[in-house]
Amino acid sequence: MKYKLVKLDQFSGSKASVYGVWFDGLQVTSFDSFLLENKNEYLSELKDIISRLKSIGRATGAREQFFKVNEGVPGDGVCALYDNPDKKLRLYCIRYGSLIVIVGSGGPKEVQKLQQNDKLKDENYFLRKLSHKITEKLRDGRIRFSADKMDFEGKLGFNDEDYE
């Protein structure tokens, strides 16, 4: 599977950059898929998520209190965008400080633990794997942070076949 990080200009701003994961075969980002999958049942929650992402990019930055951290393994940055306890959707992300967020996907949180829901588990584990790949590329210089630390630069494409 081939995919790449793409900056989502509609959410990015002077306080933070928001990235998505573009899948070559699907011709959409994982966040686009998340929106399409949930628009019929959870439209008001999606509007809230979109508003919060715009606020993160343009007004506040990706403050830790906006995220439920430690949704992956220690140090991988995988988190979930916080919402009200009565809300039903969970959106998984990877957070790089307060300046960069990669939005993934997620779904309805109908269970206590993500391992009890295959969709949430798959989305979470994909971001864990992506975080590991980004870390590898950062270490060997294929990806780097821009001078202002607001963007990724370099080889932002991934091919799972390269890692098998």
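What you are looking at is a predicted structure, and each value in this text was computed from that prediction instead of being measured.

S.K.: How would you summarise the packing of aromatic side chains if you had to cite specific residues and measurements?
M.R.: Within the structure shown, the criterion is met by 10 aromatic pairs. Ring centres of tyrosine 3 and phenylalanine 23 lie 5.6 Å apart, and the angle between their planes is 50 degrees; on these two criteria the pair is classed as tilted. Of the two residues, tyrosine 3 is situated in strand S1 (residues 2–7) and phenylalanine 23 in strand S2 (residues 17–23); the sequence distance between them amounts to 20 residues. Centre to centre, the rings of tyrosine 3 and phenylalanine 126 are 5.2 Å apart; their planes meet at 70 degrees, and the pair counts as edge-to-face. Taken together, the positions of tyrosine 3 in strand S1 and phenylalanine 126 in helix H3 (residues 118–140) put the pair 123 residues apart, joining distant regions of the chain. Assigned by exposure class, tyrosine 3 and phenylalanine 126 land together as buried.

S.K.: Tell me about the pairing of strand S6 (residues 89–96), and name the residues and values.
M.R.: Burial within S6 is extensive, with eight of its eight residues counted as buried. Of the two faces of S6, the one holding Leu89, Leu91, Cys93 and Arg95 and the one holding Arg90, Tyr92, Ile94 and Tyr96 are both buried throughout. Where strand S5 (residues 78–81) lies against S6, three bridges are found, and the strand directions are antiparallel. Looking across to S6, one finds that valine 78 is bridged to isoleucine 94. In terms of strand pairing, S6 meets strand S7 (residues 100–108) through seven bridges, oriented antiparallel. By the bridge assignment, arginine 95 is partnered in S7 with valine 101. Connecting the antiparallel pair S6 and S7 is a turn made up of three residues, with glycine 97 showing a positive phi of about 65 degrees.

Cut-offs used in this document
Residues numbered from 1 in each chain as written. Predicted model: local features only at pLDDT ≥ 70, side-chain atom pairs only at ≥ 80, totals over all residues. Heavy atoms only, no water. Phe/Tyr/Trp six-rings, centres within 6.5 Å; stacked < 30°, edge-to-face > 60°. Helix = DSSP H or I, 4+ residues; strand = E, 2+ residues; numbered from the N terminus. Buried < 20%, exposed > 50% of the residue type's maximum accessible area, 1.4 Å probe, protein only. Pairing = 2+ DSSP bridges.

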